[in-house]
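# Commentary on secondary and tertiary structure
In case you want the letters, here they are:
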Amino acid sequence: DFTPNGRHLIFWAGGKIRKLNMKTGKTKTIEFSVRDSRTVMAPPRPKVEVSPDSFDTKMMRFVQASPNGNKTVFESLGKLYVKHGTRSKSVRLTALPDDVKELYPSWSRDGSRIVFTTWTDADLGAVRSIAVTGADIKTHTKQPGHYFRPSYSPNGKTIVFEKGSGGYITSGLWSADSGIYKVSSKRGKPVLVTSQGENPHFGKANDRIFVTTSEDKARVLKSFDMSGEKPRTHATSAMAQSYLMAPDGRHIAFRENYNLYVMPTLNGAGTMAAGAKASAVPVKQASAGGATYPAWSDGGKVLNWSLGPVIYKANTAAILNGDDAPETGINLSRKITADRPSGTVALIGARIITMADGDGGVIEDGVILIKDGRITRVGSEGSFAIPASAKRVLVHGKTIMPGLIDAHAHGPQGTDELIPQQNWSAIAHLALGVTTVHDPSSRASEIFAASDLQRAGKLLAPHIFSTGEVIYGAKAPGFFASIDNAEDASAHVARLKAQGAHSVKNYNQPRREQRQQVVSAARAQNMAVVAEGGSLFHMDLSMVADGNTTIEHNLPQSELYDDVIQFYSGSNVSYTPTLIVTYGGLSGERYYYQDSNVWEHPILSKHVPPNILQPASVRRETAPESDYADAVSAATAKKLMEAGVRVSIGAHGQREGLGSHWEMWSFVRGGMSPLQALKTATVNPASALGYSDDIGSLEAGKLADLIIMSDNPLDNIRNTDHIEYVMIGGRLYESETMNEIVTGDSKRAPYFWE
């Protein structure tokens, strides 16, 4: 603005108020300071045990009550179990080999048989059935394929199922002609019924197949005759995720806002408007706090569902009468002993960057002593005795540092709830030294099940943590999490905790009080809250004030001044800027594609399918280095970190494992020292996410999660990916092959493209 006499122009620039003399053109700075205070909420930061000796499974999958309601079949750690009543111990349904996955069970209407699918990475899938006694197993598909969600007709003579496709995390073979198929339960060849829909099932009649599908921006319940003809639309909703027709044809259950609802059907062939707030027919909420895997029993008189490890049931008439949802159910959880190596290993002679103090805790010519997966001693060579029984690994001339912790690590854990025996993406992360991932947006039924598999030693992968589905403010079917009050927020947080989350994602709820309610609910339930930044500066700062545990994605400003630095650093809120997908310019990922031949990386190229690695990396865009925004955001992150804010890497799943190194490299491009960059991948995320009692540094009592490199990253940060070996939980692997050495002899199976 101009001064009243018009002789000077007052303006802001470079964080200062300036005064421009209109006559001389000279500029002066108007010095000022403000002493003020702001109220900030303390963020929740629970302590999380990274790798307990035993654990209770939480994400029971494909939970289905029997038609009479007396038994429950479910999947846990890749196998089907049956539980009788409330007190009996769950027992295996089949005697199939341990390496065969058993999935998607469904009961025959008379309760005598269960149809399900099987999977191995080498042989792909099959549709099978078995007597509830465990006898008389039959295979109903002759060709391998990608099969999902089989279901019996009421008379048991027909089985319908989904045939899907692979090509990303699983083999792409046998992926043609996807759709809904039928096959005789006795013998015969599967026949395509329709290419539309998912979750095929029957109502009262044997001659119509019901599916959920999408049409005209809505989710609809449709049925077809057995030839895929004469389609009927029974219900439609803008927000419902899936539907389930009752076996007597009198009611429809549907899932919306993560809860289960029931409404009566219409007589005739009319279409009903479904939805939690629909008014054409009575609609009542059956569940409280969330529901998965609905199933009818007692001919449609009882509705069952699960949440985490618990199965609930309610009388259909009571639901429609408005009775309260059941608060208790049958717990299906199983106590599992975690995988552990046994014995003592000594890593001898390496430079050890322990990260145990502010200077990196570097020990030259060091020794790390490991027993049963945990570090017992760390010191210089000769400073303590190595037991005679220890297996000695000579690593002179190498450098050892803690395993990397990717605080924002998206990535596939399965495909349509199928978790393969080998997840090449997870293995690639581990091969490149990422020993722990935190995924702030994933499918709960995949990622928490994968986490259990990793802990049990049935999946080669980093330690896996996640928020599950985000608490999403946008109205998208299957993802929208409605929050109208504090109780709603508490229910969403409790739902995710029940499924296995230690953190929740506060994702773009449109009003500040909604976001505050999520934080308050998480704090009350001792859960961390990671908040989506969304490139909205004022929203970011409000979420700092409101006490979110971390802010995810970079603050969009190219410069931060002392007011913001002081405010943020006084809050105890952490920061994960995800430089690889930087807002405000070309991203870090793009920079590294132009910087090197990524498709030729000696580790990455061994573990990522060429058709996935090469398209983005071979034909790459180029631009002047100054056009890339990752270094700009890294420079502001450096200011925050030096003021006391925990700044962490978050590779966003952009490039499997290597992205975590790019994050560190970008921090150095923004002015950090190599040691500071190493902190963003080790001690900082460990502290921010509550893992620091177990990981983040190499100290006695902590997990033996570490990287053995041929070169020293303190000399050059670009040495971080010069990895020869990686150790997770005390098990040692060659990075290029991911075969276990010294601590065991497990061999990675060939990938599906090899």
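Being a predicted model, the structure only gives us computed values, none of them experimental. The residue count restarts for each chain, going from 1 along the sequence in the order it is written. At least 70 in pLDDT is required for a residue's local features to be given in this predicted model, at least 80 for side-chain atom pairs to be given and counted, and no such filter applies to totals for whole chains, interfaces and linings, which use all residues. The basis for every side-chain value is the complete set of heavy atoms in the structure, and neither hydrogens nor water enter the calculation.

Our focus in this paragraph is the overall build of the chain. Going along the chain from the N terminus, every DSSP run of H or I of four or more residues is numbered as a helix, and every run of E of two or more is numbered as a strand. Helix and strand counts for the chain come out as 14 helices and 46 strands. Computation of the radius of gyration draws on C-alpha atoms, with the globule rule given as 2.2 Å multiplied by the number of residues to the power 0.38. The globule rule puts the C-alpha radius of gyration for 754 residues at 27 Å, and the 28 Å found for the chain is close to it. With the C-alpha coordinates of the chain rotated into their principal frame, the extents come out at 90 × 80 × 50 Å. Exposure is judged per residue with a 1.4 Å probe applied to protein chains only, and the accessible area is read against the type maximum: over 50% gives exposed, under 20% gives buried, and values in between give partly exposed. Within the chain, the fraction of its 754 residues that count as buried is 56%. In the chain, of all internal contacts separated by at least 6 residues, the share reaching a separation of at least 24 is 59%. Note on areas: Shrake-Rupley with a 1.4 Å probe; residue coverage comes only from the protein chains shown. Working note: accessible area of the chain is about 30,300 Å², and carbon and sulfur atoms make up 48% of it. For the purpose of counting charges, residues Lys and Arg are taken to be positive, whereas Asp and Glu are taken to be negative. His and the chain ends are not included. Taken as the charge location is NZ of Lys, CZ of Arg, CG of Asp or CD of Glu. A distance of 5 Å separates the average location of the 81 positive side-chain charges in the chain from that of its 76 negative side-chain charges. By definition, residues are in contact when any of their heavy atoms lie within 4.5 Å.

A word on the sheet that holds strand S10 (residues 113-120). Here, strands pair whenever DSSP counts at least two bridges between them. Strand order in the open sheet formed by four strands is S9-S10-S11-S12, and the pairing between neighbours is antiparallel. One side of each edge strand has no neighbouring strand; the edge strands of this open sheet are strand S9 (101-107) and strand S12 (138-139). In the sheet, strand S11 (residues 124-131) pairs with S12 via two bridges, with the strands oriented antiparallel. For Arg128, the partnering residue across the bridge sits in S12 and is Thr139.

This part is about the packing of aromatic side chains. For Phe, Tyr and Trp, rings pair up if their centres lie within 6.5 Å, where Trp contributes its six-membered ring, and each pair is then called stacked (planes under 30 degrees apart), edge-to-face (over 60) or tilted (otherwise). Inspection of the entire model under this criterion finds 22 aromatic pairs. Pairing Tyr147 with Phe161 gives two aromatic rings, centres 5.4 Å apart and planes at 90°, and the pair type is edge-to-face. Placement of the pair is Tyr147 in strand S13 (residues 147-152) and Phe161 in strand S14 (residues 158-163), with a sequence separation of 14 residues. Both residues of the pair, Tyr147 and Phe161, belong to the buried class. Their ring planes at 75° and their centres at 5.4 Å tell us that Tyr591 and Tyr628 sit as a pair that is edge-to-face. Of this pair, Tyr591 sits in helix H8 (residues 588-595) while Tyr628 sits in the loop between helix H10 (610-618) and helix H11 (630-642), placing them 37 residues apart in sequence. Look at Tyr628 and you get buried, because its relative accessible area is 2%. In textbook terms, an aromatic cluster arises when at least three aromatic residues are bridged by ring pairs, as seen for Tyr591, Tyr592, Tyr593, Tyr628, Trp662 and Trp665. A ring is considered to have a charge above it if a Lys NZ or an Arg CZ atom is located within 6 Å of its centre and within 35 degrees of its normal. Above the plane of the ring of Tyr258 lies Arg495, whose end atom (NZ or CZ) is 3.7 Å from the centre. Here the basic side chain of Arg669 rests over the ring of Tyr591, its NZ or CZ set 3.8 Å away from the ring centre.

With that settled, consider the side chain of Arg495. Along the chain, Arg495 falls in helix H4 (residues 486-499). Any Lys or Arg side-chain nitrogen found within 4 Å of a carboxyl oxygen on Asp or Glu counts as a salt bridge. Buried and unpaired, Arg495 has Glu469 as its nearest opposite-charge partner, separated by 4.5 Å. Here the side chain of Arg495 touches His492 through a polar contact of 3.0 Å, side chain to side chain. Setting aside chain neighbours within four positions, we find Arg495 in contact with Tyr258, Gly289, Gly290 and Leu307. Polar contact is the term for a pair of N or O atoms within 3.5 Å; when the atoms are in protein, one must be able to donate a hydrogen and the other to accept it, and sequence-neighboring residues count only if both atoms are side-chain atoms.

The next subject is empty space enclosed by the protein. Detection works on a 1 Å grid of protein atoms alone, calling trapped sets that fit a 1.4 Å probe cavities and calling open sets with protein on both sides within 12 Å along at least five of seven lines pockets, with lining residues defined by an atom within 4 Å of a point. Grid points are joined across faces, edges and corners, and a volume is the space filled by probe spheres set on the points. Under the counting rule described, the total for this entry stands at five cavities of 30 Å³ or more. Its volume calculated, the largest cavity comes out at about 120 Å³. Residue lining of the largest cavity: 15 residues in total, with Gly411, Gln413, Ala426, His429 and Val437 positioned closest to the centre. Those elements giving two or more residues to the lining of the largest cavity turn out to be helix H2 (424-431) and strand S37 (434-439). Looking at which element gives the most residues to the lining of the largest cavity, the answer is H2, with three residues. Class assignment for the residues of the lining of the largest cavity results in eight nonpolar, six polar and one charged. In this structure, the second largest cavity occupies an estimated 60 Å³ of space. Amino acids outside the nonpolar list (Ala, Val, Leu, Ile, Met, Phe, Trp, Tyr, Cys, Pro) and the charged list (Asp, Glu, Lys, Arg) are all regarded as polar, and Gly is one of them.

Let us look at the side chain of Thr578. Structurally, Thr578 is set in the loop between strand S43 (574-576) and H8. The class of Thr578 is buried, set by a relative accessible area of 0%. Among the polar contacts made by the side chain of Thr578, one reaches the side chain of His553 at a distance of 2.7 Å. Excluding its chain neighbours within four sequence positions, the residues that come into contact with Thr578 are His408, His553, Asn554, Gly650 and Glu663.

Let's shift gears to the environment of Asp721. Structurally, Asp721 can be placed in the loop between strand S44 (706-709) and strand S45 (723-728). Along the chain, Asp721 and Arg512 lie 209 residues apart, while their C-alpha atoms are 41 Å from each other. Sequence-distant contacts of Asp721, defined by excluding residues within four places in its chain, comprise Leu432, His601, Ile603, Leu658, His661 and Trp665.

All right, on to the nonpolar core then. Counting 118 residues, the largest nonpolar core has Val504, Tyr568, Tyr575, Met664 and Phe667 as its most contacted members. When sequence neighbours within four positions are dropped, the list of residues in contact with Met664 reads Leu404, Ile649, Ala677, Leu678, Thr680, Ala681, Ile717 and Thr720. Side-chain atoms within 4.5 Å are what join buried Ala, Val, Leu, Ile, Met, Phe, Trp, Tyr and Cys residues into a set we call a nonpolar core. Ranked by size, the runner-up nonpolar core spans 17 residues in total, among them Ile352, Ile368, Val395 and Ile400.

Turning next to the pairing of S45. Here four bridges tie S44 to S45, and the two strands are oriented antiparallel to one another. Bridge assignment links Ile707 to a residue of S45, and that residue is Val726. Direction of pairing for S45 relative to strand S46 (residues 731-734): antiparallel, over a ladder of four bridges. Note that in S46 the partner of Val726 across the bridge is Tyr733. Counting the residues that bridge the hairpin from S45 to S46 gives two residues, and of these Gly729 lies at a positive phi of roughly 55°.

A few words now on the sheet that holds strand S22 (residues 251-256). On the basis of which strands lie adjacent, the open sheet formed by four strands has the order S21-S22-S23-S25 and antiparallel pairing. Looking along the sheet, the strands with just one partner apiece sit at the ends: strand S21 (242-245) and strand S25 (284-285). For S21 and S22, the ladder comprises four bridges, and the chain directions are antiparallel. For Tyr243, the partnering residue across the bridge sits in S22 and is Phe254.

Another point: the pattern of salt bridges. A side chain with one charge may pair with a side chain of the opposite charge, provided their charged atoms come close. Within this structure, the stated rule accounts for 34 salt bridges. Between Glu625 and Arg669 there is a salt bridge; the shortest N-O distance is 3.0 Å. Taken together, the positions of Glu625 in the loop between H10 and H11 and Arg669 in helix H12 (residues 658-669) put the pair 44 residues apart, joining distant regions of the chain. Residue Arg669 is classed as partly exposed on the basis of its relative accessible area, which comes to 22%. Taken together, the shared-partner salt bridges connect Arg149, Glu162, Asp416, Glu417, Arg443 and Glu446 into one network.

Sheet analysis places strand S31 (residues 344-353) next to strand S32 (residues 362-371), joined by eight bridges and oriented antiparallel. Within S32, the position partnered with Ile353 by the bridge is Val362.

Its identity is not glycine, yet Glu417 carries a phi of approximately 75°, on the positive side. Assignment of secondary structure puts Glu417 in the loop between strand S36 (404-406) and H2. At Asn572, a residue that is not glycine, the phi angle is positive and equals roughly 70°. Assignment of secondary structure puts Asn572 in the loop between helix H7 (562-569) and S43. The class of Asn572 is partly exposed, set by a relative accessible area of 40%.

On to helix H3 (residues 444-455). Compared with the 16 Å implied by 1.5 Å per residue over 12 residues, the 16 Å span of H3 between its first and last C-alpha is a close match. Most of H3 sits out of view: 12 of its 12 residues are buried. Looking only at H3, the buried set comprises Ala444, Ser445, Glu446, Ile447, Phe448, Ala449, Ala450, Ser451, Asp452, Leu453, Gln454 and Arg455. Of the residues trailing H3, Gly457 is marked for its positive phi of about 80°. Every helix has an expected span of 1.5 Å times one less than the residues it contains.

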